[in-house]
Amino acid sequence: MQEKTKRIIKEDIESVRAYSDCFGVEMPDLDENGEVVGLPAPYPREVAGAVRSGYRIYELSQKAKERGWPIQNPILGRNSAEETYTETQNMYVYADKFDETLFHFVHAEATRHIDPLKGRELINQSRGKGGITPKGEREFIAMGGGFKHPVRINATGDTPHLSIINALIAGFDGTDIGPVIHVHFGGRGIHDYKTKVVNGYKAIQICAENNIFVQLDSHKHLNNIGGTDGMALAMCLLSEGLAVHAGLPWELSAIQMNVAGINIYADLAVMAAFREACQSKSIIAVPETFQNPPQNLIAEAAHFSRMAVTAKLGGADFYRPKAAESVGIPTGDSMGQAIWGTEDVFKNIFNPHIKSPVIDARKDEIIGEALAVLEATLKIADLSLEKIDDDFWWQWSDAELIELIVAAGKSGVLDSQRAAGWDLKRHVVVNRDKDGITRYVKGYTPLGVDPARCAQSDEDVKVCEEKAPTRKEKIVLATVGADAHVNGINVIREAFQEAGYEVIYLRGMNLPESVAEVAAEVDADAVGVSNLLGLGMALFPRVSKRLEELGLRDKMVVCAGGRIAEKEEEHRHYEDKIKNEGSGFMSIDGFFGPESSPEDCVRIIGEMIDKKKA
C-alpha cells in the first residue's frame, strides 16, 4: 500500500526534510529501520469532518455533463489560513444564491515552486506572496475549508511531489502539476528540464496511488508564452503517457485549456481536438489572460463573458471565472460577483451544439500537428489517434519515455516562442493571426517536425532575428524573487534587442543582489527587473542598494515592472502613489506596469540612459 509514494519519499528524504524545516510543517520521515512514518492513508479519508477524495471532483464533472454547463472553478487563496477562510466564505455566499457546489482552486504561495533543498534563500525572501502557505493549507482545512466545496492546490515547479504530499496530509481533494512536460518554465529557475519532468512524474505517481484529482497538464500555460494549440496537445498527450505508467485513473485526470472568446470557431475546435485526443475525463476551461486590460472594467467583464459562453458551448466540465485581471488577487466579494455573473451566462445561453466544416478542419489541423510532434519526439512513424491507447505507452519503460521527452525538449522538437528554460534549444517564431489563432511563421516551425504538418501563418510577419547589437548601451533584464513569470520580460527583451541594445537576460528567479552584481560585472547602462507577486516594495530597492554599495548606482538606470501589490485592495493605492509621486519611493527610476507598451519602455529608458551620460 502506497509503495510508490514511500519509495519516492525515501529517494528524496533530504528534500522532504528541507520542506518540513523551511515551511514549518510536519512531513513524513524515516524511522530507525529506514521505513516511512507519518504518511496518512490514501483517499478516501475523513479529514476535518468531510471525506476527502479526488472522486468528489470527478462527480462534479459528471454533474456538468448531465446538466449541460460547467462547474465553476474559482481561484482564491490569500496569504494566511484566516484570510483565505474569511474571503472564501464571502465568495461562497454567491454560490449559495443558486445552490451551486464549487470546485475551489486555493492558490498557493509562489515559494513552493522552488526546491527547498536548493533555493532556501529565494524562498525566505519571497514568503507569504501569491497565495496560501503550506502551513496555511492545513490550518484552512482544519477551519472548515473544503467541507462543502472540494478544494485543490497548485503544486507546479521544481518539486511538485513535495507539495502534493503536503496537500494529502492537509486534506485537499485535488492538485495541479501542469505544466509537467511543458517548456513553460524549464524547471522554474532552479532545475534543468530533465529534473522537472522526473519530478513531475513522481507527482503523478503520488496522485495515482492516493486518489488525488489532478490537473495533469495544460494547454493554457503554453498558449500564454506563444505555443500553438497543436504543440500544447502533443505535450498533454505525452503527460498522459506518463500517467499511464503511473497508473492514474482517467476519472482523476483533467487537462486545462485556454479559451479566448475572440473566434468562437477556433475555441470550439481546440476544445473538440482535446476532447477527441485525450483520455483524461475532464476539461478545465480558463479565460485567456488579458495582457492589456482596458481601464473600463465593464468592457473587461464583457470579455470574460464571451469566454464563459465559449466554455459552455464547447462542453467544458469546469470553468474558472475571473474577477478583474488588472487588480491582482481579488477579494472574496469580487470573485463572488464573477461567479454570480458567470452562472447567469451559463444558465441563460442556449447551446445549439454548433457544427461547421470550419471547426472540423481546424480540429483536424490541431490533431495533425500534435501527431507530427509526437512522431518526432517518440521517433516513430504513421501515428494516429486510434493507436494511442494505454497499451501504446507501454512499449517504453518509464526511463525510456522520460529520456525521449527530455531529448525532444533539448533539441527543439518541443518548443514555444518564449519558453524560459535555459537548457532547451530555441527556434520557433509564431504569429497570432487576425482570426485569433496562433500559427508558426514560415521557416520557424519546430526543429525535427515536418513543417507541412504545422499550422503556418499566411500573414506578412516581420521576424526579429537574433543580431549583433548596433548600440553600445547594455541592459540587464531579470525577474527577482520566487517569480517565474517571464512572458512580459521576454517581450521587453525582444524590444530592446530589436532597438539594437545588447541585452543580458537572466530569466526567472533571481536575487536582487545577484542582478545588480551581474550589471556591475558587464558594465551595464541600465537594469530592468520584474516581479508579479507583489514584492516590489521589498525587492526593487535592494537592486539599487547593492549598486550603491558597489559605487555604481549613479551611473545606472534602474527600472522595474510587473506588480507592486498582489491584492486588489492594495493595488489602487500604489497606482495612485506612482501617478502622484513617481516611482522614487521604491528606489527606482521608473516603473512600467501591465499597461505599458514595449516601445514606451525602450524609448523612456533610452532617454534616461542619455540623461545619465549627459
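Residues numbered from 1 in each chain as written. Predicted model: local features only at pLDDT ≥ 70, side-chain atom pairs only at ≥ 80, totals over all residues. Heavy atoms only, no water.

(A) Broad picture of the overall build of the chain. Of the regular secondary structure elements, the chain holds 20 helices and 19 strands. Here the chain holds 614 residues, and 61% of them are scored as buried. When contacts within the chain are restricted to residue pairs at least 6 apart in sequence, long-range pairs at least 24 apart make up 75% of them. Entry remark: accessible area of the chain is about 22,600 Å², with carbon and sulfur atoms responsible for 50%. Taking the average location of the 69 positive side-chain charges in the chain and that of its 91 negative ones, the two points are 2 Å from each other. (Helix = DSSP H or I, 4+ residues; strand = E, 2+ residues; numbered from the N terminus. Buried < 20%, exposed > 50% of the residue type's maximum accessible area, 1.4 Å probe, protein only. Contact = heavy atoms within 4.5 Å. Areas by Shrake-Rupley, 256 points an atom, 1.4 Å probe, with all protein chains shown as cover. Lys, Arg positive; Asp, Glu negative; His and termini not counted. Charge placed at Lys NZ, Arg CZ, Asp CG, Glu CD.)

(B) How the structure looks around the sheet that holds strand E17 (residues 526-531). Judged by pairing direction, the sheet is parallel, and its 5 strands sit side by side in the order E16-E15-E17-E18-E19 without closing on themselves. Of all the strands in the sheet, just strand E16 (502-505) and strand E19 (590-592) have a single pairing partner and so form its edges. Strand-to-strand, the axes of this sheet are offset by a mean angle of 20°, without reference to chain direction. Pairing between E17 and strand E18 (residues 557-562): 6 bridges, direction parallel. Paired with serine 530 across the bridge in E18 is glycine 561. Docked against the sheet, helix H18 (residues 536-549) engages E17, E18 and E19, running at close to 155° with respect to E17. (Pairing = 2+ DSSP bridges. Axes fitted to C-alpha atoms, helices over the stretch in contact; angles between N-to-C directions.)

(C) Focus on the sheet that holds strand E10 (residues 253-259). Judged by pairing direction, the sheet is parallel, and its 8 strands sit side by side in the order E5-E12-E11-E10-E9-E8-E7-E6 without closing on themselves. Edge positions in the sheet fall to strand E5 (71-72) and strand E6 (104-106), since each of these pairs with one other strand and no more. As paired elements, strand E8 (residues 174-176) and strand E9 (residues 213-218) share 3 bridges and run parallel to each other. When the bridges of E9 are listed, threonine 175 appears paired with valine 214. In this fold helix H11 (residues 264-277) packs onto E10 and strand E11 (282-287), with an angle of close to 165° to the strand it touches most, E10.

(D) Quick look at helix H10 (residues 229-246). When the terminal C-alpha atoms of H10 are compared, their 26 Å separation across 18 residues agrees well with the 26 Å that a helix rising 1.5 Å per residue should span. In the segment just after H10, glycine 247 is the residue with positive phi, at about 80°. (Expected span 1.5 Å × (residues − 1).)

(E) Region of the structure containing empty space enclosed by the protein. This structure, assessed with the given rule, holds 1 cavity of 30 Å³ or more. Reported here for the largest cavity is a volume of approximately 30 Å³. Lining the largest cavity are Thr156, Gly157, Pro160, Ile177, Pro179, Val180, Lys196 and Gly200. (1 Å grid on protein atoms, 1.4 Å probe; cavity = no way out; pocket = protein on both sides within 12 Å on 5 of 7 lines; lining within 4 Å. Points joined across faces, edges and corners; volume = space filled by probe spheres on them.)

(F) Region of interest: the pattern of salt bridges. This structure, assessed with the given rule, holds 39 salt bridges. We note a salt bridge from lysine 194 to glutamate 403, for which the minimum N-O separation is 2.4 Å. A residue pair is termed long-range when its members are at least 10 positions apart, and lysine 194 in helix H8 (residues 193-210) and glutamate 403 in helix H15 (residues 398-411) qualify at 209 residues. Between arginine 439 and aspartate 435 there is a salt bridge, with its nearest N and O atoms 2.9 Å apart. Among the residues examined, aspartate 435 registers a relative accessible area of 28% and is labelled partly exposed. Three or more residues joined by partner-sharing salt bridges are found here, namely Arg471, Glu473, Asp525 and Lys613. (Salt bridge = Lys/Arg side-chain N within 4 Å of Asp/Glu carboxyl O.)

(G) How the structure looks around the packing of aromatic side chains. Counted by the stated rule, this structure contains 13 aromatic pairs. Ring plane angle 85° and centroid distance 5.0 Å describe the contact between phenylalanine 392 and tryptophan 393, whose orientation is recorded as edge-to-face. The pair formed by phenylalanine 392 and tryptophan 393 is uniform in burial state, with each residue classed as buried. Taking the centre distance of 5.0 Å and the plane angle of 80° together, the rings of phenylalanine 496 and tyrosine 501 count as edge-to-face. The residue whose ring lies beneath arginine 493 is tyrosine 505, and the NZ or CZ to ring-centre distance is 5.2 Å. (Phe/Tyr/Trp six-rings, centres within 6.5 Å; stacked < 30°, edge-to-face > 60°. Lys NZ or Arg CZ within 6 Å of the ring centre and 35° of its normal.)

(H) Region of interest: the environment of glutamate 365. In this fold, glutamate 365 is placed in helix H14 (residues 357-378). Among the polar contacts made by the side chain of glutamate 365, one reaches the side chain of arginine 362 at a distance of 2.7 Å. (Polar contact = N/O pair within 3.5 Å; in protein donor to acceptor, adjacent residues only side chain to side chain.)

(I) Looking closely at the nonpolar core. Ile181, Leu242, Phe274 and Leu414 are the most contacted members of the largest nonpolar core, which has 119 residues in total. Counting residues per element, this core draws most heavily on H10, at 12 residues. Ignoring sequence-local partners within four residues, the contact set of phenylalanine 274 consists of His219, Asp229, Ala232, Leu233, Cys236, Ile255, Met257 and Ile283. Judged by nonpolar contacts, the second largest core, of 25 residues, contains Val480, Ala524, Val543 and Ala560. (Core = buried A, V, L, I, M, F, W, Y, C linked by side-chain atoms within 4.5 Å.)

(J) Region of interest: helix H7 (residues 160-170). Most of H7 sits out of view: 10 of its 11 residues are buried. Trailing H7 by a residue or two, glycine 171 shows a phi angle of about 115°, which is positive.

(K) Focus on unusual backbone geometry. Tyrosine 43 connects to proline 44 through a cis peptide bond whose omega is 0°. Here the phi dihedral of lysine 379 falls at roughly 60°; this positive angle occurs in a residue that is not glycine. In this structure, lysine 379 sits in the loop between H14 and H15.

(L) Main features of a nonpolar patch on the surface. Taken together, the side chains of Ile264, Tyr265, Ile354 and Val358 define a hydrophobic patch exposed on the protein surface, amounting to about 290 Å² of accessible area. Of note, tyrosine 265 is situated in helix H11. (Patch = residues over 30% accessible without salt bridge, like charges linked within 9 Å, V, L, I, M, F, W, Y side chains within 5 Å.)

(M) Structural view of the state of the cysteines. Tallying each qualifying case throughout the model produces 0 disulfides. Considering cysteine sulfurs only, cysteine 236 is the nearest to cysteine 454, which forms no disulfide, with 17 Å between them. The exposure class of cysteine 454 is buried, given its relative accessible area of 5%. Here cysteine 601 stays unpaired: no disulfide links it, and the sulfur of cysteine 559, its closest cysteine neighbor, is 8.3 Å away. Using a relative accessible area of 4% as the deciding quantity, one classes cysteine 601 as buried. (Disulfide = S-S within 2.5 Å.)

(N) The arrangement of the pairing of E9 in detail. With 6 of 6 residues buried, E9 is to be regarded as a mostly interior element. Where E9 lies against E10, 4 bridges are found, and the strand directions are parallel. Within E10, the position partnered with aspartate 217 by the bridge is isoleucine 255.

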